[in-house]
Protein chains: 2
Amino acid sequence: KEVLADLIRTTDVLIENYRPGTLARLGFSDERVVEINPNIIHASASGFGHSGPESQKPAYDCIVQALSGIISITGTEEGQSVRVGTSISDIITGMYTAIGIVSALFRHEKTGQVARVDVAMLDSTVSVLENAIARYQISEEIPTPLGSRHPSITPFESFKTKDSEIMIAAGNDKLFSDLCTVIAKPDLAVDQRFKTNLMRTENQQELKQIIEKVLSENSTRHWLEALDVKKVPCARINNMKDIFENEQLKERNMLLPVESENGFKIIGNPIKFAGESNEASAEKAPVLGEHTDIVLREVLGYSKEKIASLHENKITREEY
Amino acid sequence: KEVLADLIRTTDVLIENYRPGTLARLGFSDERVVEINPNIIHASASGFGHSGPESQKPAYDCIVQALSGIISITGTEEGQSVRVGTSISDIITGMYTAIGIVSALFRHEKTGQVARVDVAMLDSTVSVLENAIARYQISEEIPTPLGSRHPSITPFESFKTKDSEIMIAAGNDKLFSDLCTVIAKPDLAVDQRFKTNLMRTENQQELKQIIEKVLSENSTRHWLEALDVKKVPCARINNMKDIFENEQLKERNMLLPVESENGFKIIGNPIKFAGESNEASAEKAPVLGEHTDIVLREVLGYSKEKIASLHENKITREEY
């Protein structure tokens, strides 16, 4: 606790993701933290936030994905819901926390005012549901999973080809007409069922079957090339292997070899400041506690003796 | 162009999401922008970024989801991939752009240095794939969709109940043992197939069938109550209707009625600064151009006559 107090005293930002109340129980209430360091930005990321009836509940990414509604709109057209295949609730919450922290630092720099940042996984995940929230209120129908298609633009979805699947986004009449030319079905563009985006969306299943019948006669590569000529937005459904072979990602330094890890790569920083350093490799992640002594010595100025005595008296998580 | 130059002159941040090169073609190259305002933070969000071989390609959310690999890991256990049910590539890109902008503002405030922020949808989406990127490199197997389950923790997935589905996250031996007690199958916790998380993950299908058989005999509400007593993390798979009835989201001011819109609600700001204003309602979104004259008059100081002449000579997007 003495070390934590010293760290709080010397830092600009305290970030923690304990369940609300835990830090206070450990002796570091919001008031105490500001008392130790009146200039601190204190940020918390938690499952449900530091207020409200559910505040104390435990949270994992999959629990919050379930509660947030994002699972209810992700899945097959036949209605089988699935979790987003990455821990999107965890990640989005971290990103909002980062925005909150940097905003608070900026304001502090300009005005001297501090901030107590409180970001919840549930709030964060609900905040990305966009059109589902609006559609439900307007139509009073509960949105369901739509497979790979867009709720109100057609054709804007994936189609089976002879060898895999292809995503096509023909978002207006011109692009739809070009798509019809590419698949040698120019009549579709003037067909009464498909003339406007609204009509196409109303008759989406019918249109999908017609398009997919043609696309399934040739390979994804064939169709990508043909659609590219007409500038109809399209894409292969890449997998992890494809990602590692992607030239654009290489060029953007998005696949960083980790030093002395035999070519193992991690993902680079997607926030590029053009003309400034854009790292081409990453340092190995530290093992737990690797930098403890450096921080105690160089940041807090502790003596060798003090550090040694802290190690001697260390209590483990279990003992705590 | 004169108005835009004046706006650039008076603003802290220029944000645009044109395809790379478009702003320069319109007469506003990076150099020209900084020339007009040497203190500006110029931020671009684009499909593939302002460098690399794919830089010029058009992008939509579904195209980038397809290229990023996120679709390849989202979908059913049987292997049917689906798009994340919200425009997650669009959204994450906006969030990274926000982090870049606020960071650049903070740095500018401290050092006077400006920044040219360049965020790509492809980079941004790849950056959230987390364990799939690592699993592929370690195992050399291409990750596939996993339905609602976790790749390496079991049971950490959704199960059918009598009336719907329930998410259960029993992430360690203790919670698994408690789950077994709740479903009246205490023997499972010491079963050779399921004793450790590794064993449970290896025998996930078998375990899922056993658990689901019991859960399907009673309602989601019943199981949620029973699991809550034992503090086993669990959740209903909420839909949009449930979201609007959620007390925690209400308490957190996450459902904001829009002024004079008959109860229509939008999602609140998930970044809370505790103890500071937390809006309980939202202003109506402006219609296109609603604030043009106010900006011209109050920000740029244009005269009535000048504004009138701009309106007279206005060219439409089509004419342009």
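Numbers given to residues run from 1 along each chain, matching the order in which its sequence is written. All chains are assigned letters beginning at A, and all ligands numbers beginning at 1, according to the order in which they are written. Restriction of local features to residues with pLDDT of at least 70 applies here, the model being predicted, together with a cutoff of 80 or more for giving and counting side-chain atom pairs; totals for whole chains, interfaces and linings are based on all residues. The side-chain figures draw on all heavy atoms in the structure; neither hydrogens nor water molecules are used.

**Things to note about the overall build of chain A**
- Each helix is a run of DSSP H or I of at least 4 residues and each strand a run of E of at least 2, with the numbering of both proceeding from the N terminus. Looking only at helices and strands, one finds 15 helices and nine strands in chain A.
- C-alpha atoms define the radius of gyration, and 2.2 Å times the number of residues to the power 0.38 defines the globule rule. Relative to the globule expectation of 20 Å for 320 residues, the C-alpha radius of gyration of chain A, 26 Å, shows a markedly less compact shape.
- Remark: exposure states derive from per-residue accessible area (1.4 Å probe, protein chains only) relative to the maximum for the residue type, with buried under 20%, exposed over 50%, and partly exposed in between. For chain A, the proportion of its 320 residues judged to be buried stands at 48%.
- Counting every atom, chain A has about 16000 Å² of accessible surface; 50% of that belongs to carbon and sulfur. Calculation of accessible area relied on Shrake-Rupley with a 1.4 Å probe; when residues are assessed, cover is drawn exclusively from the protein chains displayed.

**Notes on the confidence of the model for chain A**
- Of the residues in chain A, 98% have a pLDDT of 70 or more, and the chain-wide mean is 95.
- For this predicted complex, the interface confidence score (ipTM) comes to 0.95, while the overall pTM stands at 0.95. Values of pLDDT, the confidence the predictor places in each residue, fall between 0 and 100.

**Observations regarding the sheet that holds strand S6 (residues 234-236) of chain A**
- The three strands are arranged S4-S5-S6 (chain A) in an open sheet whose pairing can be described as antiparallel. The open sheet has two free edges, formed respectively by strand S4 (156-160) and S6 of chain A, since each of these has just one partner strand. Going from strand to strand, the sheet's axes swing by 25° on average, the running direction of each strand aside.
- Paired strands, in this sense, are two strands between which DSSP finds at least two bridges. Bridge count for S4(A) against strand S5 (residues 165-169) of chain A is five bridges, and the pairing is antiparallel. Across the sheet, Phe156(A) pairs through a bridge with Ala169(A), a residue of S5(A).
- Any two residues whose heavy atoms approach within 4.5 Å are treated as being in contact. Axis definition: a line fitted to C-alpha atoms, over the contacting stretch in the case of helices. Angles run 0 to 180 degrees between N-to-C directions. Packing of helix H4 (residues 61-68) of chain B onto the sheet brings it into contact with S4, S5 and S6 of chain A, and relative to S6(A) it is tilted by some 15°.

**Structural notes on the environment of Phe28(B)**
Residue and element names in this part refer to chain B.
- Topologically, Phe-28 is positioned in the loop between helix H2 (22-25) and helix H3 (30-36).
- Along the sequence, Phe-28 and Leu-4 sit 24 residues apart, while their C-alpha atoms lie 9.2 Å from each other.
- Setting aside residues up to four positions removed in sequence, Phe-28 forms contacts with Lys-1, Leu-4, Ala-5, Ile-8, Leu-23, Val-33 and Ile-36.

**Remarks on the sheet that holds strand S1 (residues 13-16) of chain B**
- Taken in spatial order, the four strands line up as S9(A)-S3(B)-S2(B)-S1(B) in an open sheet, and their pairing is mixed. With one partner strand each, in any of the chains shown, strand S9 (271-273) of chain A together with S1 of chain B form the two edges of the open sheet. Here the strands of the sheet are splayed against their neighbours by 20° on average, with no regard to which way each runs.
- Pairing of S9(A) with strand S3 (residues 115-120) of chain B involves three bridges; the strand directions are antiparallel. The residue bridging Lys272(A) from the neighbouring strand is Asp118(B), located in S3(B).
- With respect to the sheet, helix H5 (residues 88-111) of chain B is in contact with S9 of chain A together with S1, strand S2 (41-46) and S3 of chain B, its orientation differing from that of S3(B) by roughly 165°.

**Structural notes on unusual backbone geometry**
- Of the consecutive residues Thr154(A) and Pro155(A), the connecting peptide bond is found in the cis state with omega at -5°.
- Position of Pro155(A) relative to the elements: it lies in the loop between helix H7 (131-139) and S4.
- Non-glycine residue Ser260(A) carries a positive phi angle of around 50°.
- Mapped onto the elements, Ser260(A) comes out in the loop between strand S7 (255-257) and strand S8 (265-267).
- Despite not being glycine, Asn262(B) shows a phi value in the positive range, around 50°.
- Position of Asn262(B) among the secondary structure elements: in the loop between strand S7 (255-257) and strand S8 (265-267).

**Considerations on the relation of the copies chain B and chain A**
- Here the copies are matched by least squares. The fit uses the C-alpha atoms of residues with pLDDT of at least 70 in both. Between chain B and chain A, which share one sequence, the superposing operator has a rotation angle of 180° and an axial displacement of 0.0 Å; the RMSD is 0.0 Å. On the angle and the small slide along the axis, the relation comes out as a two-fold axis.
- Taken as a fraction of all interface residues of chain B, those also at the interface in chain A reach 100%, which identifies the copy contact as same-surface.

**A look at the interface of chain B and chain A**
- Of the residues lining the interface, 109 residues belong to chain B; the matching set on chain A comes to 109 residues.
- The contact between chain B and chain A buries some 9600 Å² in all, and 69% of this surface belongs to carbon and sulfur atoms.
- Two parts placed together each lose some accessible area under a 1.4 Å probe, and adding up what both lose gives the buried area. On the chain B side of the interface with chain A, the three residues burying the most area are Met240(B), Gln248(B) and Arg252(B), jointly 8% of the side's total.
- Salt bridges, as used here, are contacts in which a Lys or Arg side-chain nitrogen is within 4 Å of a carboxyl oxygen on Asp or Glu. Linking chain B to chain A there are 10 salt bridges.
- The partner of Arg107(B) in a salt bridge is Glu276(A), with the nearest N and O atoms 2.8 Å apart.
- Among the elements that make up the side of chain B that touches chain A, the one with the highest residue count is H5(B) (16 residues).

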